[in-house]
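Observations on the model geometry
Here is what each chain is made of, one letter per residue.
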Amino acid sequence: MDNNTHRKNNKILRSTPNIRNGKRVYESVDDEEDNFENIKPKRKKTHASEVDIEDGRGERRTHGKKTKKKKQLTEEQKIKKKKRRKRRIILVAIIFLILLIMFLISLYKWNKIMKDIITCKNSVVVDSTGNIIAVLGESRIQESASLEEIPDDLEHAYVAIEDKNFYKHHGISVKRTVGAVASYVVHGGNSSFGGSTITQQLVKNVTGENESSISRKVTEWDRAVMTEMVLSKDEIMNTYLNVIYVGPNIYGVKMGARYYFDKELSELDLAECSYLAGLNHSPNSYNPFGDNDNSEKIKSRCLTVLKVMLEQKYISDDEYNVAVQEVNDGLKFSKGDVEPKGDNVYSYMTDATISEVVADLEKDKKMSTSFATNYLYYSGLTIYSTQNSDIQKAIEDELNKSRYMVRSTKIEGTTSQAAMVVMDHQTGQVMGCVGGLGKKSISRGFNRATQGLRQTGSAIKPIAVLGPALEEKIITPLTVYDDTRTTFGSDYSPTDCENELGKITVRRAVESSQNIPFVKIMEQLTPQKAIKYMENEGISTLTDADCDLPLALGGLQKGSTPLEMAAAYATIANGGKYIEPIFYTKVGNSYGKIVLKNKQKTKKVYSADTTYVLKELLTQPVKGDNGTAKSCKIDGFEVAAKTGTTNDNYDKWLCGFTKYYTAVTWFGFDANESINEGANSMANQIWVNVMRNVHENLMKGQFDKPKDVQEAVICKDTGKRATGNCKNTYVEYFRKGTAPKDVCDKH
């Protein structure tokens, strides 16, 4: 009998764990004495925490701690609980499904990218007629080899020294990955990770991403796994051996064999294969043709590679011994004659095309700049540029003329510079552009046509003042302003470049680019409203500080580029519709599929009748007796143009268009310096020489007049509708409902 069991009146009293009012209570069990021996004693509780105690208030205590009795759930509560459980299951399932869909989409996109990359071909740029104008990436010494060309010993050497489990893993080595993460944690985020599989190295090579960060490494692991899912081991190995860096500007083992041994791949022996695989560790350290004697390093590295090949049973003992002997005797290096097929110095137009495609790849494919550039250059793509090669050549020929290169008086060895953009305003396609004077010698250097922010001077007037004021019906070409010295606000007193003219019409103010009338129009229009119009015309560089009256005369904090000015003027030429300028239409891969298509933004800024009236106003600087662009006439074509000159003659602009093309030219010095060139600005000369060339074989034509535009014969003397007696007259154009009603009362 145990200590908790007692006899009382031939019954068994068994002490229970219950305590009431601090006293032990025995419960009676109706077992007879003769059944006492059949009673199975309760298992002793082995820990005090397992003892349940009920206090006098009917609450349960566990080891002295109060606990609530478990409540019985009602049927309604059970139903609610089941519903909550069901909702949680559904939520988890939805999250899983979303993640799965996201992964599958990512896998699909990655598959398309890698299928392009494994072609290992240089991409090309073609012009609007399909002629190749640039082969990208020819500055690299690189030539692809098929897997059949690559010796087994070379492939096995790379696997043995770089990734012995290459044929077994699925993109990453779990052991190496865990070790890399642990190292990262231990070193406080300063670990270089290391331990990359061949698949990871391929990912790193094609993306160009090598910064040491956990996010980059996780992305690399993810891409390596996806690569193994979309490519075979042979495809991965073949691509890897075609893109790895093996020497000075040399990529791929095929050119490596030629450079180091002057041999084809098929001619390499085992020892030579061990060298090529071994130098992947640090190509420059094992270069036999450098200034330093690297023979001992080379020997040690080759022996290491051969040893692991033997250990992993890729070679026999006999093969190992022969190769070791050759290494010990010294490998017979023979520097092959390898040269790049070309350079990376393309035209300014091609540079701009590449930059636009790279930017769009970054956005569309979620690529880094380095990845987008590598993908663009080495995936066998065809970039369909908008270049009209005849127009591009006309611009290049003109800007190569030495007479435009004025020596700087401030910075020795530098000259003046220029830039020009020609657009088809009906499509927004850039036909040609040049971003500097003289022969281009720098690969993707500074392009003044697309990147050069310069003050615009009066070239801003049509897009900041005239267009918006005509659209808002603040002015007509006949509106008169007093062109005399005026102070705006407390201290802003603009002056004219030439003499003040007194009361003149808007047309006359445009002709010789008088400043004061335009500031007065801006005051009526408001700078706030002008800025909205300019932004709609594609001017992206405006700041809060620009929202002031000097905006009317081109007083900008940052200035603008020739490209954006061309797009803004093209809006006028195109009947008021802004079309984002583009340098390419699409990009196709080697399988004939479109991998990227250019999507242009468009916006209606002005009505067609506003832009026609503005076009006719802008013919005045060309045909007027006092015009600032008189030299820009093109026989048989109506020309609209506006000049621009900044303070101290730092910048010269000519912005204009015909019914066919819009063109903008900037001329000046990179570092501000006054230009003293007389009345016939070099910007004007460049513009008209190129545009005359461009229009040589085009059908002559005038601007097309919309039906809503009203014509009126005006008496120049009174500014009113002419009578039959008026001799000094001209035809003026008006938006519907704005033509004058008063008739000349002088003649």
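**Overview of the sheet that holds strand 9 (residues 141–142)**
- Taken together, the 3 strands give an open sheet; going across it, the order is 9-11-10, and neighbouring strands pair in mixed fashion. Because the sheet does not close on itself, it has two edges, and the strands there are strand 9 and strand 10 (245–247).
- Pairing analysis gives 2 bridges linking strand 10 to strand 11 (residues 250–251), with the strands arranged antiparallel. When the sheet's bridge partners are listed, Tyr245 is paired in strand 11 with Tyr251.

**Digging into unusual backbone geometry**
- For Ser513, which is not a glycine, the phi torsion comes out positive at approximately 55°.
- Mapped onto the secondary structure, Ser513 falls in the loop between helix 16 (506–511) and helix 17 (516–525).
- Unlike most non-glycine residues, Thr526 shows phi in positive territory, near 85°.
- Examined against the element boundaries, Thr526 turns out to sit in the loop between helix 17 and helix 18 (527–536).

**Quick notes on the environment of Asp717**
- With respect to the helices, strands and loops of the structure, Asp717 is situated in the loop between strand 24 (710–715) and strand 25 (729–734).
- Under the relative-accessibility criterion, Asp717 is labelled partly exposed at 44%.
- Taking the C-alpha atoms as reference points, Asp717 and Cys744, separated by 27 residues in sequence, lie 8.8 Å from one another.
- Not counting residues within four places of it along the chain, the set of residues in contact with Asp717 comprises Asn728 and His747.

**A closer look at the packing of aromatic side chains**
- Using the criterion set out here, one finds 18 aromatic pairs in the structure.
- Here the aromatic rings of Tyr260 and Tyr275 are separated by 5.2 Å at their centres, their planes lie at 75°, and the arrangement is edge-to-face. Taken together, the residues Tyr260 in helix 7 (residues 253–261) and Tyr275 in helix 8 (residues 270–278) connect sequence positions 15 residues apart. Pair check on accessibility: Tyr260 and Tyr275 agree, each one buried.
- A ring pair is formed by Tyr260 and Phe289, whose centres lie 6.2 Å apart and whose planes are at 15°; its orientation type is stacked.

**Observations regarding the environment of Leu270**
- The residue Leu270 is located in helix 8 in this model.
- Overall, Leu270 belongs to the buried group, its relative accessible area being 10%.
- Not counting residues within four places of it along the chain, the set of residues in contact with Leu270 comprises Asp153, Leu306, Met309, Ile315, Glu319 and Ala323.

**A few points about helix 6 (residues 233–243)**
- The buried fraction of helix 6 amounts to 9 of the 11 residues, a majority that puts the element mostly inside the structure.
- Along helix 6, the residues classified as buried are Lys233, Ile236, Met237, Asn238, Thr239, Tyr240, Leu241, Asn242 and Val243.

**Remarks on the pairing of strand 15 (residues 480–483)**
- Burial of the side chains of strand 15 is restricted to one face: Tyr481 and Asp483 are buried, whereas none of Val480 and Asp482 on the reverse face is.
- One ladder, built from 4 bridges, connects strand 15 with strand 16 (residues 502–505); its direction is antiparallel. By the bridge assignment for strand 16, Tyr481 is matched with Ile504.

**Describing the pattern of salt bridges**
- Under the defined criterion, the tally for this structure stands at 24 salt bridges.
- Measuring nitrogen to oxygen at the nearest pair gives 3.0 Å for the salt bridge that ties Arg223 to Glu209. Note that Arg223 is positioned in helix 5 (residues 214–230) and Glu209 in the loop between helix 4 (198–207) and helix 5, a separation of 14 residues in sequence.
- With a shortest N-O distance of 3.9 Å, Lys659 and Asp704 are connected by a salt bridge. Note that Lys659 is positioned in the loop between strand 22 (651–657) and strand 23 (662–668) and Asp704 in the loop between helix 22 (682–694) and strand 24, a separation of 45 residues in sequence.

**Here we look at a negative patch on the surface**
- Together, Asp262, Glu267, Asp337 and Glu339 make up a negatively charged patch on the protein surface.
- Within the fold, Glu267 resides in the loop between helix 7 and helix 8.
- On the accessibility criterion, Glu267 (46% relative accessible area) is partly exposed.

**Considering the layout of surface pockets**
- Of the volumes computed, that of the largest pocket is approximately 1000 Å³.
- In this structure, the largest pocket is lined by 44 residues; those nearest its centre are Ser458, Cys497, Ser513, Gly644 and Thr645.
- Broken down by secondary-structure element, the contributors of at least two residues to the lining of the largest pocket are strand 21 (640–645) and strand 22.
- A breakdown of the residues in the lining of the largest pocket according to their chemical character gives 10 nonpolar, 27 polar and 7 charged.
- Estimates place the volume of the second largest pocket at around 690 Å³.
- In this structure, the second largest pocket is lined by 25 residues; those nearest its centre are Gln201, Lys204, Asn205, Ile244 and Tyr245.
- The greatest single-element share of the lining of the second largest pocket, amounting to 4 residues, is contributed by helix 4.
- A breakdown of the residues in the lining of the second largest pocket according to their chemical character gives 10 nonpolar, 10 polar and 5 charged.

**Regarding the nonpolar core**
- In terms of nonpolar packing, the biggest core is built from 83 residues, with Tyr158, Tyr275, Leu276, Tyr375 and Leu376 touching the most fellow members.
- Leaving out residues up to four positions away in the same chain, Tyr158 has contacts with Asp163, Ile198, Tyr240, Leu241, Ile244, Val246, Val253, Leu276, Ala277 and Asn280.
- Counting 66 residues, the second-largest nonpolar core is a separate cluster that includes Ile521, Tyr606, Val613 and Phe703.

**Comments concerning the sheet that holds strand 23**
- With respect to topology, 5 strands assemble into an open sheet ordered 14-13-23-22-21, the strand pairing being antiparallel. Taken across any chain shown, the strands that pair with only one partner, and hence form the sheet edges, are strand 14 (429–434) and strand 21. Averaged over all adjacent pairs, the angle separating strand axes in this sheet is 10°, with direction ignored.
- Of the pairings in the sheet, the one linking strand 22 to strand 23 comprises 7 bridges and is antiparallel in character.

**As for the packing of helix 4 against helix 5**
- Where helix 4 meets helix 5, the axes come as close as 9 Å, and the angle between the chain directions of the two elements is 110°. Considering their axes alone, helix 4 and helix 5 lie roughly perpendicular with respect to each other. As helix 4 packs across helix 5, the resulting crossing turns out to be right-handed. Here Thr199, Gln200, Val203, Lys204 and Thr207 of helix 4 lie close against helix 5, whose contacting residues are Arg216, Lys217, Glu220, Trp221, Arg223, Ala224, Thr227 and Glu228.
- Looking at the contact of helix 4 with helix 5 residue by residue, the classes come out as 3 nonpolar, 4 polar and 6 charged.

Conventions we followed
- Residues numbered from 1 in each chain as written.
- Predicted model: local features only at pLDDT ≥ 70, side-chain atom pairs only at ≥ 80, totals over all residues.
- Heavy atoms only, no water.
- Pairing = 2+ DSSP bridges.
- Helix = DSSP H or I, 4+ residues; strand = E, 2+ residues; numbered from the N terminus.
- Buried < 20%, exposed > 50% of the residue type's maximum accessible area, 1.4 Å probe, protein only.
- Contact = heavy atoms within 4.5 Å.
- Phe/Tyr/Trp six-rings, centres within 6.5 Å; stacked < 30°, edge-to-face > 60°.
- Salt bridge = Lys/Arg side-chain N within 4 Å of Asp/Glu carboxyl O.
- Patch = residues over 30% accessible without salt bridge, like charges linked within 9 Å, V, L, I, M, F, W, Y side chains within 5 Å.
- Areas by Shrake-Rupley, 256 points an atom, 1.4 Å probe, with all protein chains shown as cover.
- Lys, Arg positive; Asp, Glu negative; His and termini not counted.
- Charge placed at Lys NZ, Arg CZ, Asp CG, Glu CD.
- 1 Å grid on protein atoms, 1.4 Å probe; cavity = no way out; pocket = protein on both sides within 12 Å on 5 of 7 lines; lining within 4 Å.
- Points joined across faces, edges and corners; volume = space filled by probe spheres on them.
- Nonpolar A, V, L, I, M, F, W, Y, C, P; charged D, E, K, R; others polar.
- Core = buried A, V, L, I, M, F, W, Y, C linked by side-chain atoms within 4.5 Å.
- Axes fitted to C-alpha atoms, helices over the stretch in contact; angles between N-to-C directions.
- Parallel < 35°, antiparallel > 145°, perpendicular 65-115°, else oblique.
- Left-handed = near helix turned anticlockwise from the far one by under 90°.

Don't take any of this as a statement about function, it's just geometry.
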